Structure formats: structure tokens, C-alpha cells
Amino acid sequence: SGVAENMKATQREMALKQRELQLAMQIARTREMLGWLGAAWAAVAGVSAISVSQGRGPGPAIALLPLTLVWGYNYDMAYGNKLERITAEAERILENERRALRFCPPDGQLLVSAADYRSMFGPHGFAASRLSRELPRAAGEGQQLQVR
């Protein structure tokens, strides 16, 4: 029993470390993408300025609006609190939208069937299961696991 509990705790810790690593990779990818989006924005702005100065009209400047929106979204993810807002929305969904098959993997995939998923996590899915409430305790309440 002690070995099994130790294995469970180790698996939880590894899963939480993997989650932190994936989030860090997502933020790093977004930060790297900002440079590319900024370069694209600068190129379109330059072409637009040349176009206007030569009397051809501001046509290329139309592309600045979507580029600005995409850049702003990614900046918020990389340096703002977008990830916190996404996490809060995910928690709200898990808490308030527990339909039986909402998070069930689709049939035909090799991981788990819908019936097995319901038997593992109950009729309301993982969010309502005992395991979902135990996972935060694996790292200790309010503690961050260090990724090595």
C-alpha cells in the first residue's frame, strides 16, 4: 500500500511538472512569435507609408488592423495575464458546465472509450471526480512545483 501511494504521488508530481513545462513552452513560443509578427507589421507599415507617399492610396494599411489584433493577443499571452484569464475560464467551465460527455474523448481513438471514461470519472467527467480534487494537493496547496 505504501509503495502504491508513493507511485501515485510520483505520477501526480510528474504530471504537474509536465503541465508546467508545457505552459512554459507555450509562453516561450508565443514570445518568439511576437518578433515575427512585429516584423510583418513593420513591413506592412513600411509598404503602406511608401504607397501613400507615392499617391497610390492607403490600401496596404488595411492589413495593419488584423496584424495589430494578432500581435496584441500574442503580447497579452506572452507578457500579460491572458493565461490567468484562460485558466479562470477553464475552471468556470469545469465547475459549471459538467455535462456527462463534454470532455469525453471521441469514440474510435485508442486511449479510452466513452464507457470507460464514465466508469473512471463518473457521469460528470473528470472535473467532478475525486481525482481532480486530489491533484492540487499533490503539489501542496498554493505551491508551485519546480521543473528540473
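The structure this text deals with has already been given above.
Quick caveat: nothing in here was measured; it's all calculated off a predicted structure. (Residues numbered from 1 in each chain as written. Predicted model: local features only at pLDDT ≥ 70, side-chain atom pairs only at ≥ 80, totals over all residues. Heavy atoms only, no water.)

Some thoughts on the overall build of the protein chain
When you go through the protein chain residue by residue, the secondary structure sums to 5 helices and 0 strands. Reading the protein chain from its N terminus to its C terminus gives the helix and strand order α-α-α-α-α. Residue burial in the protein chain is summarised as follows: out of 148 residues, 21% are buried. The long-range share in the protein chain, meaning contacts at least 24 apart out of those at least 6 apart in sequence, stands at 56%. Working note: accessible area of the protein chain is about 10,800 Å², and carbon and sulfur atoms make up 61% of it. (Helix = DSSP H or I, 4+ residues; strand = E, 2+ residues; numbered from the N terminus. Buried < 20%, exposed > 50% of the residue type's maximum accessible area, 1.4 Å probe, protein only. Contact = heavy atoms within 4.5 Å. Areas by Shrake-Rupley, 256 points an atom, 1.4 Å probe, with all protein chains shown as cover.)

Some remarks on helix α3 (residues 82–96)
In an α-helix, one full turn covers 3.6 residues, which means residues spaced three or four apart are oriented alike. Relative to the 21 Å expected for 15 residues at 1.5 Å per residue, α3 spans 21 Å between its end C-alpha atoms, a close match to the ideal helical length. Those residues of α3 that fall on the buried side of the exposure criterion are Lys-82, Leu-83 and Ile-93. For α3, the arc enclosing every buried residue in end-on projection is 95°, short of the 170-degree limit, so these residues lie on one face. Opposite the buried face of α3, by more than 90 degrees, sit the exposed residues Glu-84, Glu-91, Glu-95 and Asn-96. (Expected span 1.5 Å × (residues − 1). Arc of directions from axis to C-beta.)

Observations regarding the pattern of salt bridges
Tallied over the entire structure, the rule returns 3 salt bridges. Between Glu-13 and Lys-17 there is a salt bridge whose closest N-O contact spans 3.1 Å. Of this pair, Glu-13 and Lys-17 both sit in helix α1 (residues 2–53), 4 residues apart, which is roughly one turn of that helix. Taken together, the shared-partner salt bridges connect Asp-76, Lys-82 and Arg-85 into one network. (Salt bridge = Lys/Arg side-chain N within 4 Å of Asp/Glu carboxyl O.)

A short note on the environment of Trp-41
Among the secondary structure elements, Trp-41 is positioned in helix α1. A sequence separation of 22 residues divides Trp-41 from Ala-63, and the C-alpha atoms of the two residues are 8.4 Å apart. Contact partners of Trp-41, with chain neighbours within four places excluded, come to Leu-64, Leu-67 and Thr-68.

Quick word on the packing of aromatic side chains
Taken as a whole and judged by the stated rule, the model has 2 aromatic pairs. The interplanar angle of 20° and the centroid separation of 5.2 Å between the aromatic rings of Trp-71 and Tyr-75 together place this pair among those described as stacked. Placement of the pair is Trp-71 and Tyr-75 together in helix α2 (residues 64–79), with a separation of 4 residues, close to one helical turn. Note on Trp-71: relative accessible area 34%, which makes it partly exposed. Centre to centre, the rings of Tyr-75 and Tyr-79 are 5.2 Å apart; their planes meet at 40°, and the pair counts as tilted. One end of the pair is Tyr-75 and the other is Tyr-79, both in helix α2 and 4 residues apart, which spans about a single turn. Residue Tyr-75 is classed as partly exposed on the basis of its relative accessible area, which comes to 40%. (Phe/Tyr/Trp six-rings, centres within 6.5 Å; stacked < 30°, edge-to-face > 60°.)

Digging into the side chain of Lys-82
Within the fold, Lys-82 resides in helix α3. Those residues in contact with Lys-82 that sit more than four places away from it in its chain are Tyr-73, Asp-76 and Met-77.

With respect to the packing of α2 against α3
Where α2 contacts α3, the two axes come as close as 6 Å, and the packing angle between them is 85°. Taken as axis vectors, α2 and α3 run roughly perpendicular relative to one another. Contacts between α2 and α3 involve Tyr-73, Asp-76 and Met-77 from the former and Lys-82, Leu-83, Arg-85 and Ile-86 from the latter. (Axes fitted to C-alpha atoms, helices over the stretch in contact; angles between N-to-C directions. Parallel < 35°, antiparallel > 145°, perpendicular 65-115°, else oblique.)

Read these as layout, nothing more, since geometry by itself doesn't imply function.
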